[in-house]
Every structure is written in structure tokens, then in C-alpha cells.
Amino acid sequence: NAFFDSSGSQTGNLTRSPASVQNSRSGHGWGFFLPLILFQQTLGALCFPISKYGLAVIEPFTFAFFRFLIASVVLLTMVHFQKQDNRIARRDYPRIIGIGVLIIIGNQTAYLWGQSLTAAGHGAVLFATTPIWVLIMAIFILKEKLTWQKAVGIPLALIGALILVTGGAIKVGAEYLKGDLIILVSVWAWGAYAIFGKPLAEKYGALRVTAYALASGAVAYFPFGLYRALTFDYSHVTLVAWLPVLYMALGSSVASYVIWYWLLKYMEASKLAVFSNIQPVIATTVAFFTLGEIPGPAFLIGSAIVLTGVIVTEV
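Quick caveat: nothing in here was measured; it's all calculated off a predicted structure. (Residues numbered from 1 in each chain as written. Predicted model: local features only at pLDDT ≥ 70, side-chain atom pairs only at ≥ 80, totals over all residues. Heavy atoms only, no water.)

Asks: Honestly, the nonpolar core in this entry has me stumped. Any pointers?
Replies: Proteins that are soluble and globular tend to have nonpolar side chains buried together. Tyr193, Leu214, Trp260 and Tyr261 are the most contacted members of the largest nonpolar core, which has 83 residues in total. Per element, the largest residue contribution to this core is 12 residues, and it comes from helix 10 (residues 243-264). The contact partners of Tyr193, leaving out residues within four places of it in the chain, are Ile99, Leu102, Ile103, Thr210, Leu214, Tyr257 and Tyr261. (Core = buried A, V, L, I, M, F, W, Y, C linked by side-chain atoms within 4.5 Å. Buried < 20%, exposed > 50% of the residue type's maximum accessible area, 1.4 Å probe, protein only. Helix = DSSP H or I, 4+ residues; strand = E, 2+ residues; numbered from the N terminus. Contact = heavy atoms within 4.5 Å.)

Asks: Before we go on, may I ask you to explain the packing of aromatic side chains in this structure?
Replies: The description of an aromatic ring pair rests on the distance of the ring centres and on the angle between the ring planes. Tallying each qualifying case throughout the model produces 19 aromatic pairs. Their ring planes at 90° and their centres at 4.9 Å tell us that Phe232 and Tyr234 sit as a pair that is edge-to-face. Overall, the relative accessible area of 15% leaves Phe232 in the buried class. Cluster of aromatic residues (ring-pair linked, three or more members): Phe65, Phe66, Phe222, Phe232, Tyr234 and Trp242. (Phe/Tyr/Trp six-rings, centres within 6.5 Å; stacked < 30°, edge-to-face > 60°.)

Asks: I'm lost on the pattern of salt bridges in this one. Help?
Replies: As a working rule, side chains carrying opposite charge can pair if their charged atoms are close by. All chains considered together, the criterion is met by six salt bridges. One network of salt bridges, with partners in common, ties together Asp92, Arg95 and Lys203. (Salt bridge = Lys/Arg side-chain N within 4 Å of Asp/Glu carboxyl O.)

Asks: What is the right way to look at the side chain of Gln40 in this model?
Replies: Position of Gln40 among the secondary structure elements: in helix 1 (residues 30-45). Aside from chain neighbours lying at most four places away, what touches Gln40 is Ser256, Ile259 and Trp260.

Structure, rendered in C-alpha cells:
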């Protein structure tokens, strides 16, 4: 494992187990980071069922328009009241705009569109492959080393996640192909957003980079989104149907994305990405406590494999 200073250069290697590590820059160890990672992953795990409910009432492009609008306003307001230690270099503005287009058009819009065209569980299955794509990109772009821990742990966590989410979740059929391919594009865009945004977050801070990136992407989406929003029929949309929009804006685009980039300041991208495979574990656990759904043997087996893969990767 390696940590990075604000310029993005490697400043130290960790040879001890994660539980005993103290981050030299933040002053926090895994006792602080792990709960924050679990919270961020919980926010992500809830996106799949919540967005599916909202998309059943509000068409995806209108849904996306209001999500981006709310998130951009909130994030830019937060940045306005935040003290800035350094100005953004002119050469970095195109990069921030670029990752903004990636996350808004390539990831969030594509995900909402694809999810509306496929079965509910397919999005979770496809996003379970995220760590593999992030690892490949991190090796070639961020020059992260392919250690045996990553080579074993990340595929292991993927196998466990697939066991968890494929129990009754996958419906095979040509009618789902278009939606699945669109979601796969969304997965690739998320991986690129993480990889290209990591150096910027280290340099300028997670909140500012997230705010400017999402606002840039929202501006690019605005003309098309506004047209869809103005032509959409709202007569069947209830007040409850707007709650998924609010959650996706605040819970996902604001809270989850800012936390993600903040964590990337202190962790390798591939090692942080592998935690996304615990989302099915979290989702099933939440369903047990809130809906009384009793998990079967696949949950126990898949969870054990996921956690083993995560632990191996982080050692």
C-alpha cells in the first residue's frame, strides 16, 4: 500500500498490516478510514434499489437533470464557503471539465438510462466488475504496481460479489442487452473518473474537484436535460417519487463522491475500488434488518469470499 502527498508523488510504502498502519499525512489509521469507507459504500449500495424506484415514475433523462442540478448547486455552495489554500492552475481546468463530462454524461446519465432498460439486479452485477477495470487503468495510467495481493484479492472479491448478486438477480435475454451495454459504459466511465481525478483531488481537495467537475458536466448536459424536463409529463409523479432524485443528488453525487475522492488522497485507486464489492453484502444486511429478508447460503459463501478478497488486497 502507498500514500501520496499533495503533489501526487509517492511518499512512503506501508509494510505493516492495515490494522496497524497510521497515515503520516492525515494522522488517522484504519480505525478511522474503515468506517468511512463502509459508510461511503453503504451510500452506493442503496443507489440501485432507490434509483430503480424513481425511474419507474420519472424518465431517466429528466431524473438525471434534477439530480445534477441539485447536486451542483449544493456542492458549489459548499465550496463558496470553504477557505481555499491554492488556486487551480489554468492547465488543470480542462482536466476537471473532462472528468466532469465523464462522470455526468458517461457515468451517471448512462447508468440511469441503462438501468431503465434492464433488470434491477444487472446494474449491481456489472458494477461489481469495477475494481478490475480500475486496476487495469491504475497500472497503465497511475503506474500502480500489480502485486500478488491485487492479482489474487481483486478477482476473488469479484467472484464473491457475483455469487451474491446473481442469486435470482440475472435474467438472460436479448431485451436486456442494450441496457447492460450502456451500464458497462457507465462502469468504464466511473473507473476513468476515479483514475484521472485522483491527482486533481490530491492537489486541490476532494470537495472542490467534485464540485467543479460535476458542475462542468451538468452544464454540458443542461440543454438536453432542460428540454427533457420541460417536455416531461409530471401528472403521474407523486411527492414520494421525488425522494429518489433527492437521494441520488445528495446521498450519491454529493456525499458519496466527495468521500470517495477524499479517500483516494490516501489510498491507491485499485485498493479503494475493491471495497465496492462489499456493496451486495451491505444491501443484503440492510434488507435483513429492514424487510426481514433472511439471506440464504449464497449470501454466507459470497460474503466470506468478498471479505477474503478485500483483506488479501489490503494486506
